[in-house]
Amino acid sequence: MATSLAHDAGGEVHLDAEELSALSMQFRGAVLSPDDPSYDAVRGVQNLAIDRHPGLIIRCSGEADVIDGVNLARERGYALAVRSGGHHVGGHGSVDGGLVLDLRNMNGVWVDPANRTVRVQGGATWGQVDRETQVFGLAVPGGVVSTTGVGGLTLGGGIGWLHRRWGLACDNLVSATIVLASGELVTASEDQNPDLFWAIRGGGGNFGVAVDLTFHAHPVGPDVALATVFHPIEAGAEIVPAWRDLALSVGDEVTTRALYWSMPPVDELPPPVQGRDVMIVAALWAGDRSEGQEVIDEFTRLGDPLFDMSGFIPTYRAFQAGFDALTENLYSYWKSLYLDELSDEAIAYVHDRALDRPDPAVLIHMPIMGGATARAAAEDTAFGDRNAPFMLSFDGGTRDPAAFGKVRDWVRESVEGARALQGARGAYLNFSADDSTDRRVIEQQYGGNLARLQAVKRMYDPGNLFRVNNNIEPA
Ligand SMILES: Cc1cc2nc3c(=O)[nH]c(=O)nc-3n(C[C@H](O)[C@H](O)[C@H](O)COP(=O)(O)OP(=O)(O)OC[C@H]3O[C@@H](n4cnc5c(N)ncnc54)[C@H](O)[C@@H]3O)c2cc1C
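Throughout this description, residue numbers start from 1 for each chain and increase along the sequence as written. Only residues with pLDDT of at least 70 are given local features in this predicted model, and only at 80 or more are side-chain atom pairs given and counted; all residues enter the totals for whole chains, interfaces and linings. Hydrogens are left out, water is left out, and the side-chain values use all remaining heavy atoms of the structure.

Here we look at the nonpolar core
The condition that has to hold: Only buried residues count toward a nonpolar core. Its members are Ala, Val, Leu, Ile, Met, Phe, Trp, Tyr and Cys residues joined through side-chain atoms within 4.5 Å. Relative accessibility decides the category of a residue: with a 1.4 Å probe and only protein chains considered, values under 20% of the type maximum give buried, values over 50% give exposed, and everything between is partly exposed. Runs of H or I in DSSP of at least four residues are treated as helices and runs of E of at least two as strands, each being numbered from the N terminus.
In this structure, Trp243, Tyr260, Phe299, Met366, Leu392 and Phe394 are the most contacted members of the largest nonpolar core, which totals 47 residues. Per-element tally for this core: the top contributor is helix 12 (residues 404–419), with six residues. Within the second largest apolar cluster, 37 residues are counted, among which are Ile200, Ala382, Ile442 and Leu450.

Regarding the environment of Ala377
Following the sequence through the fold, Ala377 ends up in the loop between strand 18 (363–367) and strand 19 (390–398). The partly exposed category is assigned to Ala377, whose relative accessible area is 27%. Considered as a pair, Ala377 and Asn387 are 10 residues apart in the sequence and their alpha carbons are 8.6 Å apart.

Some words on the confidence of the model for the protein
Put simply, the test is: Residue-level confidence of the predictor is summarised by pLDDT, bounded by 0 at the bottom and 100 at the top. Two residues qualify as a contact provided that any one of their heavy atoms is within 4.5 Å of a heavy atom in the partner residue.
In this model, the protein carries a mean pLDDT of 94, and residues with pLDDT of at least 70 account for 97%. Confidence over residues 1–8 falls short of pLDDT 50; this stretch has 29 contacts with residues more than four positions distant or in other chains.

Some remarks on unusual backbone geometry
Residue Pro222 follows Gly221 across a cis peptide bond; omega there is 5 degrees. Even without being a glycine, Arg116 presents a positive backbone phi close to 50 degrees. You can see Arg116 is positioned in the loop between strand 6 (109–112) and strand 7 (117–121). The partly exposed category is assigned to Arg116, whose relative accessible area is 41%. Its identity as a non-glycine residue notwithstanding, Asn464 has a phi of 55 degrees, on the positive side. Examined against the element boundaries, Asn464 turns out to sit in the loop between helix 14 (450–460) and strand 21 (471–472).

Considering the site of the ligand
Here is the rule: When we say a residue is near a molecule or strand, we mean one of its heavy atoms is within 4 Å of it. Polar contact is the term for a pair of N or O atoms within 3.5 Å; when the atoms are in protein, one must be able to donate a hydrogen and the other to accept it, and sequence-neighboring residues count only if both atoms are side-chain atoms. Residue-level accessible areas treat just the shown protein chains as cover; the underlying method is Shrake-Rupley with a 1.4 Å probe. In this classification, the charged set is Asp, Glu, Lys and Arg, the nonpolar set is Ala, Val, Leu, Ile, Met, Phe, Trp, Tyr, Cys and Pro, and all remaining amino acids, among them Gly, are polar.
Not every one of the 34 residues close to the ligand is listed here, only the nearest: Val82, Ser84, Gly86, Ile159 and Tyr428. Gly149 has a polar backbone atom sitting 2.9 Å from an oxygen atom of the ligand. Tyr428 places a polar side-chain atom, nitrogen or oxygen, 2.5 Å from an oxygen atom of the ligand. In the complex, the protein chains occlude 97% of the 940 Å² of accessible area that the ligand would expose alone. When residues of the shell around the ligand are traced back to their parent elements, those giving at least two are strand 4 (80–83), helix 5 (150–155) and strand 11 (209–216). For the shell around the ligand, the leading source of residues is helix 5, giving four residues. Here the residues of the shell around the ligand are counted per class, giving 13 nonpolar, 20 polar and one charged.

Topic: the sheet that holds strand 3 (residues 56–59)
What counts, and what does not: Strand pairing requires that DSSP identify at least two bridges connecting the strands.
If you walk across this open sheet you meet the four strands as 2-3-5-4, and the pairing is mixed. In this open sheet, the two strands that pair with only one neighbour each are strand 2 (31–32) and strand 4. Here strand 4 pairs with strand 5 (residues 99–102) via four bridges, running parallel. By the bridge assignment for strand 5, Ala81 is matched with Val100.

See the structure below:
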């Protein structure tokens with residue numbers, strides 16, 4: 001077995017008062033033991049189902065704190081977790097008993113509008129990046145929620161609203177500054193440590209801490225042509241095939257997804273969708289609004305919707321943050337796979353599962369892939385095979401902890417059933433909760449890249465210090 005998962009990380013922190021005080025003097029960021037009054041407020045990750053108690057949290061303020069933190073973990077044999085946005089559904093941003101390097105205060109973003117590049121510190125979120133880039137009418141291909149961390153999303157690939165036009169988030173990396181397991185600070189780019197640069201584009205946090213990442217940025221918005229159309233859930237059986245055909249016929253400027261979900265009964269939502277089970281068609285034109293409006297309008301004409309929200313969220317930033325609130329305060333369990341075709345059989349399967357969701361917060365998410373994402377070969381970056389035109393993700397969530405087990409079982413069952421569909425394979429590792437089936441799909445997803453990943457791991461992290469992740473063991 002070439003991979004292993006986070007929960008056997010070992011290496012507990014034990015410090016006496018004198019040692020703790022010495023560390024507090026050494027680090028510029030706060031050093032929090034479990035006795036610290038702010039420890040509980042800081043230790044949580046996005047998924048409420050993950051309740052880890054690290055032995056020590058260091059809120060890094062810069063490269064020096066990260067270097068000393070990595071050295072501390074290595075020298076004392078502490079299990080080490082690196083936390084950025086804290087969104088990994090398997091809780092890879094924390095570790096029981098070990099040391100967490102919390103990068104959230106390292107969230108600087110510097111845009112170079114002339115060269116269309118952006119330098120982002122390793123703990124920033126996509127909302128922070130969009131804030132700085134959108135003032136220049138630029139965007140980096142990131143995720144679809146503003147609170148997700150740039151670090152984890154990019155190192156694991158990164159899909160969003162721009163991936164068909166400009167590729168995965170990791171495809172837009174120009175370079176990254178990495179603190180290695182040895183404590184050494186190095187640059188990874190096409191010219192410097194190219195093997196490391198290859199590995200961090202899809203290989204996750206296995207190779208070191210990315211203290212900053214420089215990206216290509218592209219002209220987007222601020223006003224964008226987009227569609228967000230809510231249909232009654234039952235209409236999905238007719239709308240999804242029509243959406244699939246349209247999605248496959250439009251150019252790479254369009255990234256689109258279909259979603260099955262339930263809207264909460266809250267006044268912030270338009271009355272026709274409050275408390276409704278819905279099937280949502282969403283699409284964005286990556287580029288000038290006037291050029292794309294006509295194409296995007298086609299996505300608003302599928303069926304007879306409950307509500308067309310498209311005109312209410314005209315800017316890229318607003319779209320990026322539009323679903324944030326619905327993704328918070330959830331006990332979550334997610335699994336995904338890729339589909340070589342979204343056949344009528346697959347659509348019928350997904351539709352049936354959608355009508356049988358165990359909780360209103362359970363989302364079924366079908367983003368289209370292809371476009372620029374598929375133009376890179378599997379071996380060009382660690383990410384692996386990119387040929388499937390669709391992803392299918394079962395994003396289980398509930399606000400009721402007592403319902404979590406039911407939701408988790410439903411996700412497991414749904415994905416196992418989907419794996420029997422024609423052309424089903426792999427998994428998007430940024431969307432995978434931990435369990436034994438993930439070991440299998442991690443290996444399947446990396447495919448022919450796994451051996452090279454293990455060799456790069458041996459070179460940069462022979463002791464597997466960075467193992468709280470979709471772990472690649474050195475070989
Ligand atoms: C609500 C929600 C929406 C999402 N939307 C999308 C989406 O649109 N597109 C998409 O592709 N994914 C999406 N994801 C999945 C997301 O990409 C992964 O959860 C990703 O791991 C999150 O990164 P993070 O930095 O927030 O998480 P964390 O939990 O902090 O980190 C995840 C992993 O990355 C490592 N890591 C993080 N930062 C660094 C760093 N600077 N250097 C080294 N290692 C690091 C961590 O050690 C850990 O192993 C979403 C997740 C959630 C919960």
